[in-house]
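Given next are the chains, with one letter for each unit.
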Amino acid sequence: MMEDPDGWERYYKRNDRRQGSPLLRRALAMIVPDQHGQSAVDLGCGAGLESGLLLERGWSVHAVDKQRSAIDRVEAIAQRLPQGRLTTVTSHFENLGPLPSSSLVFAGMSLPFCHPDGFPRLWALITHALAPGGVFVGNLLGDRDGWSSIPSMTFHSLAQVEASLLEFEVLSFAEIEEDGSSMRGPKHWHRFDIIARRR
Ligand SMILES: C[S@@+](CC[C@H](N)C(=O)[O-])C[C@H]1O[C@@H](n2cnc3c(N)ncnc32)[C@H](O)[C@@H]1O
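Every residue gets a number counted from 1 within its own chain, in the order that chain's sequence is written. For a predicted model such as this one, the threshold for reporting local features is a pLDDT of at least 70, and the threshold for listing and counting side-chain atom pairs is 80 or more; totals across whole chains, interfaces and linings nevertheless cover every residue. The basis for the side-chain values is all heavy atoms of the structure; hydrogens and waters are excluded.

Per an unreviewed UniProt entry, the chain goes by Methyltransferase domain-containing protein and derives from Halotalea alkalilenta.

Engineer: What is the right way to look at the UniProt feature "domain: Methyltransferase" (unreviewed entry) in the chain in this model?
Structural biologist: UniProt positions are given in the numbering used here, feature names are shortened, and annotations may be inferred rather than shown by experiment. Mapped onto the present numbering, the UniProt feature "domain: Methyltransferase" (unreviewed entry) falls at residues 41–134. Strand forms 28% of residues 41–134 and helix 33%; the C-alpha atoms that close the span are 11 Å apart. Note on conventions: DSSP H or I runs of at least 4 residues are helices, E runs of at least 2 residues are strands, and numbering of each starts at the N terminus.

Engineer: In this structure, what is going on with the pattern of salt bridges? I would like to understand it.
Structural biologist: Once the charged atoms of two side chains with opposite charge are near each other, the side chains can pair. For this document, the term salt bridge refers to a Lys or Arg side-chain nitrogen within 4 Å of an Asp or Glu carboxyl oxygen. Within the structure shown, the criterion is met by eleven salt bridges. Here arginine 197 makes a salt bridge to glutamate 169, at a shortest N to O gap of 3.6 Å. Residue arginine 197 is found in strand β7 (residues 185–198), and its partner glutamate 169 is found in strand β6 (residues 168–182); the two are separated by 28 residues along the sequence. Summary of the burial criterion: residues with accessible area below 20% of their type's maximum are buried, those above 50% are exposed, and those between are partly exposed, where the area comes from a 1.4 Å probe applied to protein chains only. Judged by its relative accessible area of 37%, glutamate 169 falls in the partly exposed class. Two residues, arginine 191 and aspartate 193, come together in a salt bridge whose shortest N-O distance is 2.7 Å. With relative accessibility at 19%, the residue arginine 191 sits in the buried group. The class for aspartate 193 is buried, based on a relative accessible area of 11%. Among the ionic contacts, a cluster of salt bridges with common partners joins Asp143, Arg144, Glu175 and Glu177.

Engineer: Could you clarify how one ought to interpret the site of the ligand in this entry?
Structural biologist: Around the ligand lies a shell of 18 residues, among which Tyr12, Arg18, Gly44, Asp65 and Phe93 are the nearest. We call two N or O atoms a polar contact when they sit within 3.5 Å, provided that within protein one can donate a hydrogen and the other can accept it, with sequence-adjacent residues counted only if both atoms are side-chain atoms. Measuring from an oxygen atom of the ligand, one finds a side-chain N or O atom of tyrosine 12 at 2.6 Å. With respect to the ligand, the side chain of glutamate 94 contributes an N or O atom lying 3.1 Å from a nitrogen atom. Of all the elements, helix α1 (residues 8–15) adds the most residues to the shell around the ligand, at three residues. Residues are grouped as follows: Ala, Val, Leu, Ile, Met, Phe, Trp, Tyr, Cys and Pro are nonpolar; Asp, Glu, Lys and Arg are charged; every other residue, Gly included, is polar. For the shell around the ligand, a count of residues per class yields seven nonpolar, seven polar and four charged. By convention in these notes, a residue is near a molecule or strand provided one of its non-hydrogen atoms lies within 4 Å of it.

Engineer: What am I meant to see in unusual backbone geometry here?
Structural biologist: Apart from glycine, the bulk of residues carry a negative phi angle, and the bulk of peptide bonds sit in the trans form. With a phi close to 45°, methionine 109 is a non-glycine residue in the positive phi region. Looking at where methionine 109 falls in the secondary structure, it is placed in the loop between β4 (102–107) and α5 (119–129).

Engineer: Is there a simple way to think about α1 in this case?
Structural biologist: Residue pairs spaced three or four apart in an α-helix point in one direction, given the helix's 3.6 residues per turn. Residues of α1 that are buried: Trp8, Glu9, Tyr12 and Asn15. Taken end-on, α1 shows its buried residues confined to a sector of 135°, consistent with a single buried face. Among the exposed residues of α1, those oriented more than 90 degrees off its buried face are Lys13 and Arg14. Pairs of residues are marked as contacts when any of their non-hydrogen atoms sit within 4.5 Å. Contacts made by the buried residues of α1 are with α3 (49–56), β2 (60–65) and α4 (68–79). By construction, the arc corresponds to the directions joining the helix axis to the C-beta atoms.

Engineer: Just to check I follow, could you spell out the state of the cysteines for this structure?
Structural biologist: A covalent bond bridging the sulfur atoms of two cysteines is what the word disulfide describes. When the sulfur atoms of two cysteines come within 2.5 Å, that pair is taken as a disulfide. Per the counting criterion, the structure on display carries zero disulfides. The cysteine cysteine 45 is free of any disulfide, with cysteine 114 supplying the nearest cysteine sulfur at 16 Å. Of the residues examined, cysteine 45 reaches a relative accessible area of 4% and is grouped as buried.

If you want it as structure tokens, here you go:
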């Protein structure tokens, strides 16, 4: 039986027809207009839509997810997009080895699912993978988020996000706080959307 205690497969099914992340699209338009042959990491690739978006544009993508079913999905997408090159690793963030040197690290709604004890090491892997000029694109959850009492997840205050970005030039930053919903029902969202270039 497929191991999926967190119900991610339901999330992938519900999301696999959406457009790729608007935040990633915006970042690509800002940072690398019309460039090809670059390398990216997609952390917590989920249904693989953002990896697909990058592969379609000729990027080499290293996709990471703890769920084997997510990796199966992204590998199936890559078979239809031979203009890009995909490598994958099935791993928890907490056990992840070094990441390949990359000009982009994308982490769409995935880093908060790293255990707080593992987050500093994960963030160090991300900053280490990015050469100067490389760009981080992704989301963190804030300390007023409705899930912030879940001990296995990582939440940041604004000051903590700013401290994490000291080695970066911030290209776009939004703090969003609103009532909405998630796969688990109604939810108060407190989220940071980040596009930042490694100094
Ligand atoms: C909310 S989904 C986001 C998927 C995709 N990036 C997107 O934007 O739709 C979070 C993803 O992170 C993965 N994930 C959650 N916790 C993880 C962990 N500790 N290590 C690695 N991957 C994890 C899940 O399997 C899931 O695919």
